[in-house]
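# Coordinates in review
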Amino acid sequence: MNRQQTGNDSRRSFFTKSAALFGATALANKILHAQTTTPGPGTSSDIDILNYALALEHLESAFYVQGVARYTAADYNNSIYAPVFGSKITSNFVPYITAIRDHEVAHVSTLQQVIQGLGGTPVQACTYNFGVNSASDFLSTAMMLENVGVQAYDGAISMISNADIKKAAATIATVEARHASYLNFVNGQLPAPAAFDTTRSRADVLAMASAFITSCPAGGGPTTNPAGPTISGLSATVNTRDREVQFNFAGSAAPDGSAVSFMFQQVSGPTSSLIGERTSTPRVILTGGRGTYVYELVVTDGRGNRQTGRTTIVYS
Amino acid sequence: MMQQQQAEAPLPNKTDASSSLATSAVVAAGAAMLASSLQAQTTTVTDVTLLNYALLLEQLEANFYTQGLRRFSSSDFNNGSFSQNLGNTSDFYGDSITGDVYGNLLLIRNHEQTHVRTLERTIRSLGGTPRTNCNGFSFTYNTVDEFLAVGKLLEDTGVSAYAGALNMLRDPQLVTTAATIATVEGRHAAYLRLITGDSPFPAAFDPTKTMQEILSAAAPFLGSCTV
């Protein structure tokens, strides 16, 4: 949003530098590595979903706070769609955008309270760059954010276990839909394009959100696959009389179904050889003879979340 | 449960004048019955009951738009007093904004009809019986402005109904379907509010309403149809 704001050189250069420093993927990984889940008794998944919603509301809230501070009625009336509207629409740009800001701010504070009430830790806001250079840009980015927000809520509501929280999420979802309807309208789009809104997966939504995130505080930012991938085929201890041990981790999986990658390496013990250490089926040759060998497996999912496990091979 | 009520209050002779008194009695009884059964056995309200409740509201909405768009033409909407606020006659994207109103209302009508058909199909797929469709709902308006005012009320009420009932559905897939309908009702409500000069989004959280509240609110529109 501030990237090209005149008279704010230090900020501008910061964003330019950030853009150069972090490719989208690197940035996404950086955010996604920040784990924030704080499990409470029986509610860990609700806390996790609420923190996902909170991460999106932080983003929306920051977007509108910046936009309300930056654009005046005159800016909106110079936006590309303004000429087709009459006074009832044009005179309400500022009040309606301001109302949307107030809603997003209210969603943030409500979600924070609910998460704390459940014994969780609310995720913190990040620093954002929305790449907005005009009131027209602002209105079109707002439209995108609100429509994705609807898809995110519609996709997540059924995963909430607590009935009251499910209801509260529905009352936010329909408000995001009202925002989306208005923003579609002022961008020359159909307010309600289809009989059913579509849903969007958490991984997709967070990948889209990451494009707007410059940096997040430690422990901040949205997470996905919060539990990380699961590891399959790794026993804590393997007793063997054979010189070779074959592993099969092919059953390891990510909660979002994304592909997982493997890294298997020796931690301690006599010398050994590893074949296929970056595959799901590595083989160990215990060249150092009888003894105790320790290996570590790291499984990484498509979002960069990791799960680590160890195995001890006792060769006798 | 819906079927139960229909069985107890057989009505298919929806013709004579006494039906309006009869229906309000049926509504009151129906609302009380639904409400008491909800309180008594919140955990046993079936998904089919809830979907038939949603179906009633969708039938009402679909019937509302079908009647109104048959009665009023596109030019009636262009002459409505609300349209004076909406914009000039430039053809920026196809039609002028005011010309778009009729098209958007046709779309909204189509959405409600799609909701009806989807709910009917879903109820059947769950082994239930969808409530009988009824075209005899009754709405009072004389002008397009009055028509839009009723539409606004119906859509806002629809949002509150879905937001209030969605969490009682047991099947997570049905929860998702209900959510994707609820947000579309929210879009309709916002649009109708916007073009009639109200804030499209009056609060940070939409209010929710119970089945009993919704059925009472729907009572004046039931005409020759029943709960």
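Here the structure is shown first, and the text comes after it.
Overview of the structure.

Calculation notes
Residues numbered from 1 in each chain as written. Chains lettered and ligands numbered in written order. Predicted model: local features only at pLDDT ≥ 70, side-chain atom pairs only at ≥ 80, totals over all residues. Heavy atoms only, no water. Helix = DSSP H or I, 4+ residues; strand = E, 2+ residues; numbered from the N terminus. Buried < 20%, exposed > 50% of the residue type's maximum accessible area, 1.4 Å probe, protein only. Contact = heavy atoms within 4.5 Å. Areas by Shrake-Rupley, 256 points an atom, 1.4 Å probe, with all protein chains shown as cover. Buried area = accessible area lost by both parts, 1.4 Å probe. Salt bridge = Lys/Arg side-chain N within 4 Å of Asp/Glu carboxyl O. Nonpolar A, V, L, I, M, F, W, Y, C, P; charged D, E, K, R; others polar. Disulfide = S-S within 2.5 Å. Phe/Tyr/Trp six-rings, centres within 6.5 Å; stacked < 30°, edge-to-face > 60°. Axes fitted to C-alpha atoms, helices over the stretch in contact; angles between N-to-C directions. Left-handed = near helix turned anticlockwise from the far one by under 90°. 1 Å grid on protein atoms, 1.4 Å probe; cavity = no way out; pocket = protein on both sides within 12 Å on 5 of 7 lines; lining within 4 Å. Points joined across faces, edges and corners; volume = space filled by probe spheres on them.

### Here's the deal with the overall build of chain A
- Scanning chain A from N- to C-terminus turns up nine helices and nine strands.
- When the 316 residues of chain A are sorted by exposure, 51% land in the buried category.
- Considering only residue pairs separated by 6 or more positions, chain A has 73% of its internal contacts joining residues 24 or more positions apart.
- Surface exposure of chain A reaches about 13,000 Å², of which carbon and sulfur atoms provide 52%.

### Considering the interface of chain A and chain B
- At the junction of the two partners, chain A supplies 49 residues and chain B supplies 49 residues.
- It is A:Val84, A:Arg178 and A:Phe196 in chain A that bury the most area against chain B; as a group they hold 19% of the surface buried on that side.
- Remark: the boundary between chain A and chain B carries three salt bridges.
- Between A:Arg178 and B:Asp156 there is a salt bridge, with the nearest N and O atoms lying 2.7 Å from each other.
- Counting residues per element, the ones that place at least two in the side of chain A that touches chain B are α5 (87-90), α6 (93-117), α7 (135-156) and α8 (163-186) of chain A.
- Residues of the side of chain A that touches chain B, tallied by class, amount to 28 nonpolar, 14 polar and seven charged.

### Details of the state of the cysteines
All names here are of chain A.
- Applying the stated rule across the entire model yields two disulfides over all chains.
- In this model, Cys 126 is linked to Cys 216 through a disulfide, with the two sulfur atoms separated by 2.0 Å. An S-S torsion of about 95° defines the bridge between Cys 126 and Cys 216 as right-handed. Of this pair, Cys 126 sits in the loop between α6 and β1 (127-128) while Cys 216 sits in the loop between β2 (213-215) and β3 (237-240), and the two are 90 residues apart along the sequence.

### A look at the environment of B:Leu194
- Residue placement: B:Leu194 occurs in helix α7 (residues 172-195).
- Between the alpha carbons of B:Leu194 and B:Phe82 there is a distance of 9.9 Å; along the sequence they are 112 residues apart.
- Other than its neighbours up to four places away in sequence, B:Leu194 contacts A:Ile89, A:Tyr96, A:Tyr182, A:Phe185 and B:Pro200.

### A closer look at the packing of aromatic side chains
- Scanning all chains against the criterion turns up 33 aromatic pairs over all chains.
- Considering the side-chain rings of A:Tyr96 and A:Tyr182, the 5.4 Å spacing of their centres and the 85° angle between planes classify their relative orientation as edge-to-face. Separated by 86 residues along the polypeptide, A:Tyr96 in helix α6 and A:Tyr182 in helix α8 bring together distant segments of the chain.
- Judged by its relative accessible area of 8%, A:Tyr96 falls in the buried class.
- Each ring, one from A:Tyr96 and one from B:Phe201, has its centre 5.7 Å from the other, and the planes form 80°; the classification is edge-to-face. Here A:Tyr96, found in helix α6, pairs with B:Phe201, found in the loop between α7 and α8 (211-218), and the two come from separate chains.
- What links up through ring pairs into an aromatic cluster is the set A:Phe63, A:Tyr64, A:Tyr71, A:Tyr76, A:Phe85, A:Phe93, A:Tyr128, A:Phe130, A:Phe138, A:Phe185, A:Phe212 and B:Tyr191.

### Some points on the side chain of A:Asn147
- Mapped onto the fold, A:Asn147 is located in helix α7.
- Apart from residues no more than four positions distant in its own chain, A:Asn147 is found in contact with A:Ala180, A:Asn184 and B:Arg187.

### Let's talk about the packing of α6(A) against α7(A)
All names here are of chain A.
- Between α6 and α7, the least distance of the axes is 13 Å, while the angle of their chain directions is 35°. Every pair of crossing elements has a handedness; the one defined by α6 and α7 is left-handed. Residues Phe 93, Ile 97, Ile 100, Glu 104 and Leu 111 of α6 lie in contact with α7, whose contacting residues are Phe 138, Leu 139, Glu 146 and Tyr 153.
- The residue inventory of the contact of α6 with α7, partitioned by class, reads seven nonpolar, no polar and two charged.

### Considerations on empty space enclosed by the protein
- Under the counting rule described, the total for this entry stands at five cavities of 30 Å³ or more.
- Here the largest cavity is characterised by a volume of approximately 170 Å³.
- Together, 17 residues line the largest cavity, and B:Leu50, B:Ala54, B:Tyr162, B:Leu169 and B:Ala178 are the ones closest to its centre.
- Contributions of two or more residues to the lining of the largest cavity are made by α3 (47-71), α5 (97-125), α6 (144-165) and α7 of chain B.
- Considering every element that reaches the lining of the largest cavity, the biggest residue donor is α3(B), with five residues.
- Split into classes, the residues belonging to the lining of the largest cavity amount to 14 nonpolar, three polar and no charged.
- Here the second largest cavity defines a volume of roughly 110 Å³.
- Every residue along the wall of the second largest cavity is listed here: A:Leu56, A:Leu59, A:Glu60, A:Met144, A:Leu145, A:Val148, A:Gly149, A:Val205, A:Met208, A:Ala209 and A:Phe212.

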